[in-house]
Amino acid sequence: MNGWLAALLALLFFSPLAFIYARSFAGRVQAGASARGRSVAATALPKLVWPLVLGLALALRLSGSDLADWQAAAGSRTLATLLSLLWFLGSLAAILFFVTIPFVLGRLLGTLFACMGKFSATRDDPLSFGARGFKRDGSEADGQESGRMGFTVAIDGPAAAGKGTIAQRLAAHYGFAYLDTGLLYRAIGRVAHERGLDLDDAAAMGEVARALDPAVLDDGSLRGREAGELASRVAIHAPVRAALTEFQRGFARRPGGAVLDGRDIGTVICPEAEVKIFVTASAEVRARRRTDELLAKGRAVDYETILAEVRARDERDSGRAAAPLRAAPDAALLDTSELDIEEAFQAACRIVDASPHPRNGA
Ligand code: DC
């Protein structure tokens, strides 16, 4: 059987696999494009370089000609060396054809799908335990009644106090949905920065917030330090906060219960929340934790710089006019300075368990 026939058969054989990969690739490209405010084509293009090189190498290898003939025709030494490299790659691609073919085909097909707007990332929401995705108002996507206030746990506190971990663990423990509201501000900061907008322009930031596509929240890099700084700057604007209010309230009212963490959940977003916890820790402890976390990830950081960042962020979050970071008068205070994460989680569970409001009919 000649090489081309084998390739054609492999193509047919692997097309279902390539299709599955194409769907997920199309979703990722569209989410990436909207996160960075770029066109789908511009986002996909750099991701096509490797598949195209591999496809070309495979075609060269399967063409049946001799490398020596190609090199003789090449004329220059550089081109001949490049051809040898391509030939070598082609040999590898042919040996690993069961990976190469779905990869090349999947990316090409995925790009086509993405450009046609097909298979955009569905919100099987990574922020939410047990949730099936949400609409812009945060209500359940499957049409369940959302007007009734569910059991809401509002968690606020300064950066790096441990509220995110506590909130996630509470949500998993009680089977509630979880929303990290900081991600919303991070996404707005990131989109605005990437579009070259002025982060101090309240009206422009408000527009970015109103147009925010929840798909951008899937971008894992949003949890990084830089996005946190951008978030803290855009979060001072009242139009930004106003644009996000309904979405967060809708999320909090989910019938199955919800945990939200942020800065103003207990004071502004859900003043009626059944449980409010203000998680805090000294700036020094928070800076130490963050430094250790970053060092463990191999980042070159020093404690003093992180401490200065933590203090600056505290000042910005607490000193702003719009919804400043404050503990609600009826919030339970949870100081984690002397606690490890397990102790902090247990303390938070005790606060939730002490609530007189029934949880999910319990
Ligand atoms: O929780 P975080 O580090 O992801 O938050 C990033 C920034 O977003 C924080 O500095 C202040 C802002 N933020 C806010 O103003 N209100 C919220 N509910 C959540 C975050």
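The preceding data block contains the structure.
Residues numbered from 1 in each chain as written. Predicted model: local features only at pLDDT ≥ 70, side-chain atom pairs only at ≥ 80, totals over all residues. Heavy atoms only, no water.

Time to look at the pattern of salt bridges. Evaluation of the coordinates by the stated rule reveals 16 salt bridges. Here R241 and D264 are joined by a salt bridge, their closest N and O atoms 2.9 Å apart. Taken together, the positions of R241 in helix α11 (residues 238-252) and D264 in the loop between β3 (258-262) and α12 (265-269) put the pair 23 residues apart, joining distant regions of the chain. Across the pair, exposure class does not vary: R241 and D264 are buried alike. Between R311 and E284 there is a salt bridge whose closest N-O contact spans 2.7 Å. Placement of R311 in helix α14 (residues 303-319) and of E284 in helix α13 (residues 283-296) is noted, with a sequence separation of 27 residues between them. On the accessibility criterion, R311 (40% relative accessible area) is partly exposed. (Salt bridge = Lys/Arg side-chain N within 4 Å of Asp/Glu carboxyl O. Helix = DSSP H or I, 4+ residues; strand = E, 2+ residues; numbered from the N terminus. Buried < 20%, exposed > 50% of the residue type's maximum accessible area, 1.4 Å probe, protein only.)

The local shell around the ligand holds 15 residues, among which R186, R241, R263, R313 and R320 are the closest. One nitrogen or oxygen atom from the side chain of D264 is found 3.0 Å from a nitrogen atom belonging to the ligand. Burial of the ligand by the protein amounts to 96% of the accessible area it has alone, namely 450 Å². Mapped onto the shell around the ligand, the elements with two or more residues apiece are α8 (182-194), α10 (225-234) and α14. (Near = heavy atom within 4 Å. Polar contact = N/O pair within 3.5 Å; in protein donor to acceptor, adjacent residues only side chain to side chain. Areas by Shrake-Rupley, 256 points an atom, 1.4 Å probe, with all protein chains shown as cover.)

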